[in-house]
Amino acid sequence: MLRGHVFVAAPDVPQDVRSLVAACGGRVVSSVEASVTLGLVVCGGEARLDCAAQLRSLRIPILRSSWVRASVAAGRMLPMKHPHTEYDPALFESLRFTTTMLPVQLKRSLVAAIQFFGGTYLPDLTSATDILLHGEEGRMAGTAGSLKWRCAWEWAIPCVHFTWLQECIASGQLGALPPPSSPPAAATTRNGEENESSCSSSHEAAGGNYASCTLFIERQKRPRIDAITVASDAGRNQPLQWSL
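The written sequence of each chain sets the order in which its residues are numbered from 1. Note on the predicted model: pLDDT of at least 70 is required for a residue's local features to be given, and 80 or more for side-chain atom pairs to be given and counted; whole-chain, interface and lining totals, by contrast, use all residues. The side-chain figures draw on all heavy atoms in the structure; neither hydrogens nor water molecules are used.

1. Some remarks on the sheet that holds strand β3 (residues 38-41)
Now for step 1: Strand order in the open sheet made by the five strands is β2-β1-β3-β4-β5, with mixed pairing throughout. The sheet is open, and its two borders are formed by β2 (27-29) and β5 (85-87), each paired with just one other strand. The average undirected angle you get between the axes of adjacent strands in this sheet is 35°.
Now for step 2: One ladder, built from three bridges, connects strand β1 (residues 6-9) with β3; its direction is parallel. Bridging across to β3, F7 finds its partner in L38. Only strands joined by at least two bridges in the DSSP assignment are considered to pair. Secondary structure elements follow DSSP: runs of H or I of four or more residues count as helices, runs of E of two or more count as strands, with numbering from the N terminus. A fitted line through C-alpha atoms serves as each axis, taken over the contacting stretch for helices, and the angle formed by two N-to-C directions is quoted from 0 to 180°.

Right under this line is the structure:
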């Protein structure tokens, strides 16, 4: 099951976990070498792994010993996701983001973070978008918002403040998505970022009919949104499963 995987383990990783790795075809080492594929620590014990910073720079996942035990119990390799990870370089894998109402420099930083953690940034809002990140203006109820903001609300695409992304990175897990917000009063252009083309491709794909487009995209996206909510529920500990 673990054949081909080489774990660099913190000194306090229990011997029974090391034995399980070996029994499943893996190998445990005490320092970084070219063949290392994963880091291994006890829960909250990343500080005991001297090479943790190096593993992060190499984008090598750092797992908790609970992942080994749970995988052996399941008879298969479980997803390397929360709650079994200390560092997940693919935290936003399979998620597609766009932004609105953000200062240019902040937007660049967020896009870099999204891409660094395996996500995809889309300049325009389309039927493929999973999450819309917004700035401070999006917090104020009754504001006109942007064209992206209004389209996202109409199409049941989650709109979250950019701090949601930062909190996910800090905690190492996907946070819960907020419930749908109130509809914006009107579509306007803000900060020179959005324009009429920001969500026009999906509008045109639906024959210019926003009502039919809304129903189509909601049917397509709702399972993915629900999957994120389920995955963020620590009590259930379920892996992400996208329904396309």
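2. A look at the sheet that holds strand β7 (residues 120-121)
Now for step 1: One open sheet accounts for four strands, arranged β7-β6-β8-β9; its pairing is parallel. The sheet is open, and its two edges are formed by β7 and β9 (159-161), each paired on a single side.
Now for step 2: Judged from the two bridges that link them, strand β6 (residues 96-100) and β7 form a sheet pairing that is parallel. Following the sheet pairing, R96 is matched in β7 by T120.

3. Some words on the environment of L125
Now for step 1: Mapping L125 onto the fold places it in the loop between β7 and β8 (131-134).
Now for step 2: Put simply, L125 and I157 are 32 residues apart on the chain and 9.5 Å apart in space, counted from C-alpha to C-alpha.

4. Thoughts on the nonpolar core
Now for step 1: Residue types Ala, Val, Leu, Ile, Met, Phe, Trp, Tyr and Cys, when buried and joined through side-chain atoms within 4.5 Å, form a set referred to as a nonpolar core. The buried label applies to any residue whose accessible area, calculated with a 1.4 Å probe on protein chains only, is under 20% of its type's maximum; exposed applies above 50%, and partly exposed to all values in between. Among the nonpolar cores identified, the biggest contains 44 residues, and L49, F92, F97, W164 and L165 are the most heavily contacted of them.
Now for step 2: Considering every element that reaches this core, the biggest residue donor is β1, with four residues.
Now for step 3: Here the bounds of each domain stem from an automatic or database domain assignment. Viewed by domain, this core spans two of them, domain 1 (6-87) and domain 2 (96-171), each represented by three or more residues.
Now for step 4: Ignoring any residue separated from it by four or fewer positions in sequence, one finds W164 in contact with F97, I131, L133, L174, G175, A176 and L177. Contact definition: two residues touch when any of their heavy atoms are within 4.5 Å.

5. Re the pattern of salt bridges
When their charged atoms lie close together, side chains carrying opposite charge are able to pair.
Now for step 1: The term salt bridge refers to a side-chain nitrogen of Lys or Arg lying within 4 Å of a carboxyl oxygen of Asp or Glu. If you walk through the whole model with that rule in mind, you get eight salt bridges.
Now for step 2: Between R64 and E86 there is a salt bridge, and its shortest N-O distance comes to 2.6 Å. With a gap of 22 residues between them, R64 in strand β4 (residues 62-64) and E86 in strand β5 connect regions that are remote in the sequence.
Now for step 3: Judged by its relative accessible area of 17%, R64 falls in the buried class.

6. A word on the packing of aromatic side chains
Now for step 1: Note on aromatic pairs: the rings of Phe, Tyr and Trp (six-membered ring only in Trp) are paired at centre separations within 6.5 Å, and the planes decide the class, stacked below 30 degrees, edge-to-face beyond 60, tilted for the rest. The full count for this structure, using the stated rule, is five aromatic pairs.
Now for step 2: Relative to F117, the ring of F92 lies with its centre 6.2 Å away and its plane at 70°, an arrangement referred to as edge-to-face. Remark: F117 occurs in the loop between α4 (104-116) and β7 and F92 occurs in the loop between β5 and β6; sequence separation between them is 25 residues.
Now for step 3: A centroid spacing of 5.2 Å and a plane angle of 80° characterise the contact between F116 and F117, whose relative ring orientation is edge-to-face.

7. Description of unusual backbone geometry
Now for step 1: Following H82, the chain continues into P83 via a peptide bond in cis, with omega recorded as 10°.
Now for step 2: Note that P83 resides in the loop between α3 (65-74) and β5.
Now for step 3: A positive phi angle is found at S94, which is not glycine, with a value near 75°.
Now for step 4: By the element assignment, S94 lies in the loop between β5 and β6.

8. What to know about the pairing of β1
Now for step 1: Burial of β1 is two-sided: the residues V6 and V8 facing one way and the residues F7 and A9 facing the other way are all buried.
Now for step 2: For β1 and β2, the ladder comprises three bridges, and the chain directions are parallel. In the sheet register, V8 faces β2, and the bridge partner there is V29.
Now for step 3: What joins β1 to β2 is helix α1 (residues 15-23), and the crossover it makes is right-handed. Whether a crossover is right-handed depends on one test, that the path from the first strand over the helix to the second runs clockwise when the strands point away from the viewer.

9. Topic: α4
Now for step 1: Here a helix's expected span is defined as the number of its residues, less one, multiplied by 1.5 Å. When the terminal C-alpha atoms of α4 are compared, their 18 Å separation across 13 residues agrees well with the 18 Å that a helix rising 1.5 Å per residue should span.
Now for step 2: Taken as a whole, α4 has its buried residues at L110, V111, A113 and I114. One side of α4 holds all its buried residues, which, seen down the axis, span an arc of 160°. Summarising the geometry of α4, the exposed residues directed more than 90 degrees from the buried face are V104, Q105 and R108. Throughout, the arc means that of the directions going from the helix axis to the C-beta atoms.

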